[in-house]
Amino acid sequence: MNILIIKLGAIGDVIRTTSILHGLKAKYKNCRIEWVTKKESFDVLKNNNLVDKICLIDNALNKKYDLVISLDDDFEACELASKVNSKRIIGAYLKNNQKLYTNDSSLWFDMGLISRFGKQKADALKAKNKRTYPEIMYKILGLNYRKQEPILILNKSELNFGKKFAINNKINQKNNIIGINTGAGGRWEDKKLGIEETAELIDKLNKIKNVKILLFGGHEEKERNKKIKVLVKTKIIDAGCGNSLMEFASLVNLCHVLVTSDSLALHIGIGLKKRIVAFFCPTSPNEIELYSRGIKLIPKKGCVCCYKPKCDISPEWNIDEIVNAVKELI
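An account of the accompanying structure is given in this report. Just so you know, these numbers come straight off a predicted model, no measurement behind them.

Now for the nonpolar core. Note on soluble globular proteins: their nonpolar side chains tend to be buried together. Judged by nonpolar contacts, the single largest core of 65 residues is most densely connected at Leu24, Val44, Phe216 and Ile268. If sequence neighbours within four positions are ignored, isoleucine 268 has contacts with Ile15, Leu152, Leu245, Phe248, Ala249 and Val252. Counting 31 residues, the second largest nonpolar core, distinct from the first, contains Leu193, Ile228, Leu297 and Cys306.

Below, the structure is given as structure tokens:
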């Protein structure tokens, strides 16, 4: 059986979607799975031996598929799902230039941007939802859900990058390594922990015995992390904001506990089976499965699951609650 998965992005969504691979391989014995994605997501799939072939969206697909699983709601993905020669589609597709989705995938897409109910009802459904993302995916695909985990594998050179960083920064096996990733890009402003709050968190975490703290960030957090380092009164190791995707993952892999917003770092940490303290504000904590290795926190005041670029009520966080959660996981 030939299966095509269409999941282009974002990168974190690609990582968490890899959890369906176990279920597909169990249900469809000896199936061949191909995955269409964008160039920026290629590296998180390249070491995955459950994916038989990775195709980039720009490449034409001429093969006939028994099943197409289309999990993005943008025009490009929907158009591809409609053009591919397939016996069956589960998910989003294009018809008469309109983005639609199959009835068996409604549990997911009813809550999304192309919901048949419109955005207001979709947002309400998302706020009420108690199922995790992998649970929803297994349900719509008719698979047996047993909390199968996403897959993110680092190759030898990627692992060596992390080892070299540890040596250069005098990190050893006796240390409790805590990763701090409190930024979250620019889409949702209130996903982030404030700069002052992050500095306070770091200083309080540094009171833990044998701790070493890594400060993470992407290109968008460069200036933010500079300000955090100025405010911090205790020691911190800067993991840098210019790492490649897999270099970033290799540094996350060093951590015993990762403190993170609902961001790419969260999905990388889950894929690497890290212990995680995750904090949520405008996005849904219920969708995230931490596989009994983590703690989810919401603000003591503020919006939860509003999905607004800027929350109506700015979040207020209890920093001691985050510190205590880290202590519980160490």
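In spatial order, the strands read β3-β2-β1-β4-β5-β6; together these 6 strands make up an open sheet with mixed pairing. The sheet terminates laterally at β3 (53-56) and β6 (98-101), the two strands that pair on one side only. Going across the sheet, the axis of each strand differs from the next one's by a mean of 30 degrees, ignoring polarity. Two elements, strand β1 (residues 2-6) and strand β4 (residues 67-70), share 4 bridges in a ladder whose sense is parallel.

With the exception of glycine, the majority of residues adopt a negative phi angle, and the majority of peptide bonds are in the trans configuration. Omega for the peptide link from glycine 9 to alanine 10 comes to -5 degrees, which places this bond in the cis form. Locating alanine 10 in the fold gives a position in the loop between β1 and α1 (11-17). Not every positive phi belongs to a glycine, and asparagine 30 is a case in point at roughly 60 degrees. Position of asparagine 30 among the secondary structure elements: in the loop between α2 (20-27) and β2 (32-37). When its relative accessible area of 77% is taken as the criterion, asparagine 30 is described as exposed. Unlike most non-glycine residues, lysine 147 shows phi in positive territory, near 55 degrees. Following the sequence through the fold, lysine 147 ends up in the loop between α7 (133-140) and α8 (156-168). What makes lysine 147 partly exposed here is its relative accessible area of 45%.

It is worth spelling out the pattern of salt bridges at this point. Charged atoms that come close allow side chains of opposite charge to pair. Applying the stated rule across the entire model yields 23 salt bridges. A salt bridge links glutamate 34 to lysine 63; its shortest N-O distance comes to 2.5 Å. You can see glutamate 34 sitting in strand β2 and its partner lysine 63 sitting in the loop between β3 and β4, a full 29 residues away along the chain. Exposure remark for lysine 63: the relative accessible area of 33% places this residue in the partly exposed category. Ionic pairing is found between glutamate 287 and lysine 126, a salt bridge with its closest N-O pair at 2.5 Å. Remark: lysine 126 occurs in helix α6 (residues 119-128) and glutamate 287 occurs in the loop between β11 (275-279) and β12 (294-297); sequence separation between them is 161 residues. Pair check on accessibility: glutamate 287 and lysine 126 agree, each one buried. Here the salt bridges do not stand alone but share partners, grouping Asp13, Arg16, Lys126 and Glu287 into one network.

Conventions we followed
- Residues numbered from 1 in each chain as written.
- Predicted model: local features only at pLDDT ≥ 70, side-chain atom pairs only at ≥ 80, totals over all residues.
- Heavy atoms only, no water.
- Core = buried A, V, L, I, M, F, W, Y, C linked by side-chain atoms within 4.5 Å.
- Buried < 20%, exposed > 50% of the residue type's maximum accessible area, 1.4 Å probe, protein only.
- Contact = heavy atoms within 4.5 Å.
- Pairing = 2+ DSSP bridges.
- Helix = DSSP H or I, 4+ residues; strand = E, 2+ residues; numbered from the N terminus.
- Axes fitted to C-alpha atoms, helices over the stretch in contact; angles between N-to-C directions.
- Salt bridge = Lys/Arg side-chain N within 4 Å of Asp/Glu carboxyl O.

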